[in-house]
Amino acid sequence: MDFDLSIWAVRGPYILQGLWLTLALVAGVLAISTPLALAVGLALEARSRWLRAPATVLSWMVRGVPPLIILFIAYYVLPIVLDLRLESLTAAIAGFVVYNTFILGEVVSAGLRAVPKGQHEAIAAAGLPMTRSLRRIVLPQAMPSIIPPYVSYSMDMVKGTALAGAIGVTELVTRANQAIVATNRPFEILLGVAIIYGVIDAMLIAVQMWSERRWDHQGHVSP
Amino acid sequence: MKDTCMTANPATPARAHDRPMLELVNLRKSFGNKTVLHGVDLKVPAGQVVSIIGASGSGKSTLLRCVNHLETPDAGSAVLIDGQRIGGPDPARVSRRDLRRRRVEIGMVFQHFNLFPNMTALENVMEAPLAHRRGTRAEIRDMAAGLLDRVGLADRMDHHPGKLSGGQQQRVAIARALAMTPKLMLFDEVTSALDPELVDDVLQVMRQLAEEGMTMLVVTHEMAFAEDVGDRVIFMADGAIHEDGTPAEVLRNPQQARTRSFLGRAMRAR
């Protein structure tokens with residue numbers, strides 16, 4: 001078997017355009033689903049059953065459905081229900097946002113549960129307002145529990161964006177596949193794609209390590 | 001001396017005014033089928049230091065936690081702070097906003113300190129006054145620094161709780177509870193989690209507070225503190241007040257066999 005990486009000189013620019021699409025998809029989905037996940041996490045831990053019950057049922061339903069099915073629903077069903085045409089990228093973002101919101105919502109919920117009961121009692125005894133104490137006391141202490149699984153699920157999501165090819169988003173893997181069909185050079189192309197995913201994961205791990213240092217195990221917020 | 005399970009008159013005369021600073025009326029609390037408080041009545045005049053003693057499970061901590069509604073008392077109970085009732089006939093229906101406003105009047109110090117670990121000692125003390133807008137940031141900072149100085153921690157203001165000893169953390173917790181200038185202070189076994197050599201510094205701060213006229217409800221196993229500093233000692237068993245009187249009366253000359261038995265065990269354990 002001959003091994004010729006020069007194929008990347010020819011097909012690289014086309015494949016890398018898919019990388020930008022993948023990164024845009026990841027950034028868009030994380031930017032939207034992170035605040036929504038915070039809301040879902042809070043709802044899952046809410047005292048009011050009117051918040052907790054629907055959040056729990058929705059979370060259970062969404063997490064039980066394969067993400068590919070959610071993408072298909074976003075691409076094929078939503079346009080019928082809402083009577084509008086969704087671009088494949090918009091549908092992919094919508095589908096991944098729904099899925100990740102509930103996956104990450106559970107991560108936030110678990111992080112909030114990890115904050116000792118005594119902290120909530122101290123907050124209550126001092127009559128501290130909920131929003132402020134959440135921002136200044138509870139979330140900083142929940143962060144060490146939230147960050148590792150959050151980054152881990154984000155890494156899964158980066159790899160999962162390949163599914164968007166199924167609804168016509170020409171992201172990294174889709175373009176790589178097109179290049180393989182055109183060149184019959186699967187080994188060189190897939191090796192390159194694997195390295196690209198590895199670099200993205202390494203960057204996310206670096207973000208995780210930086211975040212863990214910022215919120216160390218005692219919940220200290222570094223200046 | 002009173003030796004009934006219910007109504008307890010103050011063992012010392014009110015120092016400030018006739019209206020009790022704290023009044024508990026028919027305080028009942030159940031957890032599921034288990035009744036923990038059986039309708040406790042208690043009046044505490046302003047400035048009085050009440051030590052609550054009793055075996056584990058006697059209901060003394062639950063009593064304390066019902067005062068600021070960390071545990072919601074059962075329907076029919078009433079908690080009055082300085083004559084103002086918290087909530088209506090059903091304590092469970094008190095609004096969260098009203099509860100927050102009333103809790104500010106009550107300082108609480110916990111057995112395990114419960115300091116906010118992500119904040120320095122100074123930030124811990126400043127947090128509630130800042131949240132309740134009790135002045136400018138500079139004013140609140142000065143006040144908090146003054147409180148930490150008062151509890152002997154002027155040189156530890158910028159330390160996080162993780163860098164402080166248990167005794168120091170507990171003194172920060174006392175300063176934090178005092179930051180909202182409460183009318184009443186609750187102490188829930190605040191020395192139980194401390195190494196013996198750290199207990200005295202905390203008790204000294206509490207002694208100083210008592211001398212300054214703070215109304216205090218102190219759940220404690222420190223009989224010496226109850227005897228030296230307290231104006232009044234209450235012995236609880238099975239969710240009711242069994243003996244109530246001056247420290248000399250309850251600790252030196254208990255009328256009930258249960259009190260004598262408890263004190264005997266407590267003295268042997270010292």
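Residues numbered from 1 in each chain as written. Chains lettered and ligands numbered in written order. Predicted model: local features only at pLDDT ≥ 70, side-chain atom pairs only at ≥ 80, totals over all residues. Heavy atoms only, no water.

**Student:** I would appreciate a short explanation of the UniProt feature "domain: ABC transporter" (unreviewed entry) in chain B in the present structure.
**Tutor:** What UniProt calls "domain: ABC transporter" (unreviewed entry) maps, in this numbering, to residues 22-263 of chain B. Along residues 22-263 of chain B, the helical share is 37% and the strand share 24%, with 27 Å between the first and last C-alpha atoms. (UniProt positions renumbered as here; feature names shortened; annotations may be inferred. Helix = DSSP H or I, 4+ residues; strand = E, 2+ residues; numbered from the N terminus.)

**Student:** Would you take a moment to explain a nonpolar patch on the surface for this structure?
**Tutor:** All names here are of chain A. Together, Ile69, Ile73, Tyr76, Val77, Ile80, Val81, Leu82 and Leu84 make up a nonpolar patch on the protein surface, roughly 750 Å² of accessible area in all. Mapped onto the elements, Ile73 comes out in helix H3 (residues 67-82). Here Ile73 falls in the partly exposed class, since its relative accessible area comes to 40%. (Patch = residues over 30% accessible without salt bridge, like charges linked within 9 Å, V, L, I, M, F, W, Y side chains within 5 Å. Areas by Shrake-Rupley, 256 points an atom, 1.4 Å probe, with all protein chains shown as cover. Salt bridge = Lys/Arg side-chain N within 4 Å of Asp/Glu carboxyl O. Buried < 20%, exposed > 50% of the residue type's maximum accessible area, 1.4 Å probe, protein only.)

**Student:** What should I look at first to understand the interface of chain A and chain B in this one?
**Tutor:** How big an interface is tends to be stated in terms of accessible area lost as the parts join. On the chain B side, the residues contacting the 23 residues of chain A number 24 residues. In this assembly, chain A and chain B are joined by three salt bridges. As a salt-bridge pair, Arg136 of chain A and Glu127 of chain B come within 2.9 Å of each other at their nearest N and O atoms. Inspection of the chain A/chain B interface yields eight residue pairs in polar contact (both at pLDDT 80 or more). With eight residues, helix H5 (residues 117-125) of chain A is the largest single contributor of residues to the side of chain A that touches chain B. Looking at side-chain class alone, the side of chain A that touches chain B contains eleven nonpolar, seven polar and five charged residues. (Contact = heavy atoms within 4.5 Å. Polar contact = N/O pair within 3.5 Å; in protein donor to acceptor, adjacent residues only side chain to side chain. Nonpolar A, V, L, I, M, F, W, Y, C, P; charged D, E, K, R; others polar.)

**Student:** Honestly, the environment of Ala27 of chain A in this entry has me stumped. Any pointers?
**Tutor:** Position of Ala27 of chain A relative to the elements: it lies in helix H1 (residues 7-44). Sequence separation of Ala27 of chain A and Ser88 of chain A is 61 residues, and the distance between their C-alpha atoms is 16 Å.

**Student:** Looking at this structure, how should I read the sheet that holds strand E8 (residues 215-219) of chain B?
**Tutor:** The pairing of strands in a sheet comes from backbone hydrogen bonds and takes either a parallel or an antiparallel form. All names here are of chain B. Judged by pairing direction, the sheet is mixed, and its six strands sit side by side in the order E6-E7-E8-E3-E9-E10 without closing on themselves. Each edge of the sheet is formed by a strand with only one pairing partner; in this case those strands are strand E6 (106-109) and strand E10 (240-245). In this sheet, neighbouring strand axes are inclined to one another by 20° on average, regardless of whether the strands run parallel or antiparallel. Packed on one face of the sheet, helix H1 (residues 60-67) meets strand E3 (49-54), E6, strand E7 (184-188), E8 and strand E9 (232-237) and runs near 150° to E7. (Pairing = 2+ DSSP bridges. Axes fitted to C-alpha atoms, helices over the stretch in contact; angles between N-to-C directions.)

**Student:** Looking at this structure, how should I read the pattern of salt bridges?
**Tutor:** Once the charged atoms of two side chains with opposite charge are near each other, the side chains can pair. Scanning all chains against the criterion turns up 20 salt bridges over all chains. In this structure, Glu106 of chain A and Arg63 of chain A form a salt bridge, with 3.4 Å as the shortest nitrogen-oxygen distance. Of this pair, Glu106 of chain A sits in helix H4 (residues 88-113) while Arg63 of chain A sits in helix H2 (residues 49-64), and the two are 43 residues apart along the sequence. The class for Glu106 of chain A is partly exposed, based on a relative accessible area of 24%. Exposure remark for Arg63 of chain A: the relative accessible area of 37% places this residue in the partly exposed category. We note a salt bridge from Arg232 of chain B to Asp244 of chain B, for which the minimum N-O separation is 2.9 Å.

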